Amino acid sequence: MSNHSSGPQGPAARQAAMAEQVLADGSATAAELAERFGVSLMTIHRDLDELERQGIVRKSRGGVTAQPSGVFESNVQYRLKTMRAEKAAVAARALQLIEPGMAIMLDDSTSTLEIARGLRVGEVTPLTVVTNFLEAINLLSDQRGIHLMALGGDYDPLHSSFLGVSCVEAIEQLRVDVCFASTSAVHGGYAYHQEQHIVSVKRAMLDAAARNVLLIDHTKLARVALHRVVPLSRFDLLLVDDGASAEALRDLDEHKVTYEVCARTGPGAPIVTKGSDDRAGAT
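So, here's what we can say about the structure. Quick caveat: nothing in here was measured; it's all calculated off a predicted structure.

Quick notes on the rules
- Residues numbered from 1 in each chain as written.
- Predicted model: local features only at pLDDT ≥ 70, side-chain atom pairs only at ≥ 80, totals over all residues.
- Heavy atoms only, no water.
- Helix = DSSP H or I, 4+ residues; strand = E, 2+ residues; numbered from the N terminus.
- Buried < 20%, exposed > 50% of the residue type's maximum accessible area, 1.4 Å probe, protein only.
- Contact = heavy atoms within 4.5 Å.
- Areas by Shrake-Rupley, 256 points an atom, 1.4 Å probe, with all protein chains shown as cover.
- Pairing = 2+ DSSP bridges.
- Core = buried A, V, L, I, M, F, W, Y, C linked by side-chain atoms within 4.5 Å.
- Arc of directions from axis to C-beta.
- Salt bridge = Lys/Arg side-chain N within 4 Å of Asp/Glu carboxyl O.
- Axes fitted to C-alpha atoms, helices over the stretch in contact; angles between N-to-C directions.
- Parallel < 35°, antiparallel > 145°, perpendicular 65-115°, else oblique.
- Nonpolar A, V, L, I, M, F, W, Y, C, P; charged D, E, K, R; others polar.
- Polar contact = N/O pair within 3.5 Å; in protein donor to acceptor, adjacent residues only side chain to side chain.

**A word on the overall build of the protein**
(1) Moving on: The number of helices and strands found in the protein is eleven helices and 16 strands.
(2) Moving on: Counting the 283 residues in the protein, one finds 49% classified as buried.
(3) Moving on: Look at the contacts in the protein between residues 6 or more apart in sequence, and 62% of them connect residues 24 or more apart.
(4) Moving on: Carbon and sulfur atoms make up 51% of the accessible area of the protein, which totals about 12900 Å².

**A look at the side chain of Glu114**
(1) Moving on: As for its position among the elements, Glu114 is in helix H7 (residues 110-119).
(2) Moving on: With relative accessibility at 10%, the residue Glu114 sits in the buried group.
(3) Moving on: Look past the residues within four positions of Glu114 in its chain and what remains in contact with it is Arg84, Lys87, Ala88 and Ala91.

**Section: the pairing of strand E14 (residues 237-241)**
Looking along a regular strand, one sees side chains alternate from face to face of the sheet.
(1) Moving on: Most of E14 is tucked away: five of the five residues are buried.
(2) Moving on: Taking every second residue as pointing to the same face, both faces of E14 are buried, with Leu237, Leu239 and Asp241 on one and Leu238 and Val240 on the other.
(3) Moving on: Alignment of strand E12 (residues 209-216) against E14, held across four bridges, turns out to be parallel. Bridging from a neighbouring strand, Leu215 pairs with Leu239 of E14.
(4) Moving on: Pairing geometry for E14 and strand E15 (residues 259-262), over four bridges, is parallel. Its bridge partner being in E15, Leu239 is matched across the sheet by Glu260.

**Looking at the nonpolar core**
One recurring pattern in soluble globular proteins is that nonpolar side chains are buried together.
(1) Moving on: Among the nonpolar cores identified, the biggest contains 37 residues, and Met105, Ile171, Leu221, Leu232, Leu238, Val240 and Leu252 are the most heavily contacted of them.
(2) Moving on: When sequence neighbours within four positions are dropped, the list of residues in contact with Leu252 reads Val186, Leu221, Leu232, Leu238, Val257 and Tyr259.
(3) Moving on: Core analysis: the second largest hydrophobic core is formed by 28 residues, Leu97, Ile98, Ala116 and Leu140 among them.

**What to know about helix H2 (residues 30-37)**
(1) Moving on: Within the sequence span of H2, burial applies to Ala30, Leu33, Ala34 and Phe37. One face of H2 carries all of its buried residues, which in axial projection span an arc of 100 degrees.
(2) Moving on: Phi turns positive one or two residues past the end of H2, at Gly38, with a value near 65 degrees.

**As for the pattern of salt bridges**
(1) Moving on: Within the structure shown, the criterion is met by twelve salt bridges.
(2) Moving on: Note that Glu260 and Arg93 form a salt bridge whose closest N and O atoms lie 2.6 Å from each other. Residue Glu260 is located in strand E15, and its partner Arg93 is located in helix H6 (residues 84-95); the two are separated by 167 residues in the primary sequence.
(3) Moving on: Since its relative accessible area comes to 13%, Arg93 is described here as buried.
(4) Moving on: Where salt bridges share partners, they join Glu86, Asp241, Asp242 and Arg264 into one cluster.

**Considering the sheet that holds strand E11 (residues 190-193)**
(1) Moving on: Strand order in the open sheet formed by three strands is E10-E11-E13, with antiparallel pairing between adjacent strands. At either margin of the open sheet sits one strand with a lone partner, and together these are strand E10 (185-187) and strand E13 (227-231). Mean inter-strand twist for the sheet, computed between neighbouring axes without regard to direction, equals 30 degrees.
(2) Moving on: Relative to E13, helix H10 (residues 196-207) is tilted by about 10 degrees, and along the sheet it contacts E11 and E13.

**Quick notes on the packing of helix H9 (residues 165-172) against H10**
(1) Moving on: Where H9 meets H10, the axes come as close as 9 Å, and the angle between the chain directions of the two elements is 5 degrees. It follows from the interaxial angle that H9 and H10 lie roughly parallel. Contact residues: Cys167, Val168 and Ile171 in H9; Ser200, Val201, Ala204 and Met205 in H10.
(2) Moving on: The residue inventory of the contact of H9 with H10, partitioned by class, reads six nonpolar, one polar and no charged.

**Comments concerning the side chain of Asp241**
(1) Moving on: Checked against the element boundaries, Asp241 lands in strand E14.
(2) Moving on: Here Asp241 falls in the buried class, since its relative accessible area comes to 0%.
(3) Moving on: A polar side-chain atom of Asp241 sits 2.7 Å from the main-chain amide nitrogen of His218.
(4) Moving on: Other than its neighbours up to four places away in sequence, Asp241 contacts Glu86, Val90, Ile216, Asp217, His218, Val261, Cys262 and Arg264.

**Here we look at H9**
(1) Moving on: When H9 is considered as a whole, its buried residues turn out to be Cys167, Val168 and Ile171. Viewed along the axis of H9, the buried residues span an arc of 100 degrees, placing them on a single side of the element. Facing away from the buried side of H9 by more than 90 degrees, the exposed set consists of Val165 and Glu172.
(2) Moving on: Buried residues belonging to H9 abut strand E4 (103-106), strand E8 (161-163) and H10.

Geometry only, nothing functional implied.
Pasting the structure below:
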């Protein structure tokens, strides 16, 4: 068997690379994975058993597929790879709402991670950034002009973030100008998330901010997840990319949600503003 994998071959590294391939391709056979990673079928099946236990993949006879479950959707490696253009579009608009001297809070969503990427350009300083997301902490830790506050708590590798009671208590001691957050689903005037322990942290973040902005890609509209987070009225502005259907946008209109549709075609593209009042223009 040839080994086409160039990375380290410890089980954890191999499993991570295997998950990345399945996430990218959608599926793979055990034989293909054995060929790629230069290990036996028995070893591949052990690796796949572990990835299935983590909720990353679903095993089937002779192969494996990406796991389209709520647990899978929470996996940070999956979220980092999906809807990048859509997330970049809404994050570009969100960056326009940030002014020097502000204190902002970013949740552990990959949508707000795109905001952190934008802040690395360094055009909006000085700035205080508060977050529980390790990916964002790593991005901004060496950024001049940014006072970075990392929220502690119990580290959750599935989300690459710090959660739990101690994280909530840390948030409750703070007051920021704007919180930027995302959720798993939006429907019927509510934001939803599939995991209860994430909900408590998001609610605390929204309570700690003078203004709240929700960032979502269009696939999250007209969907529900297990837990209600908050009514959409808790957000001053909802940002969604231009893949949103007319029907989904009508649902937002019916619930008097202030939202903007952000074009994915690059800077300078028109932004369509909708909503029940003029809050969308405020910064």
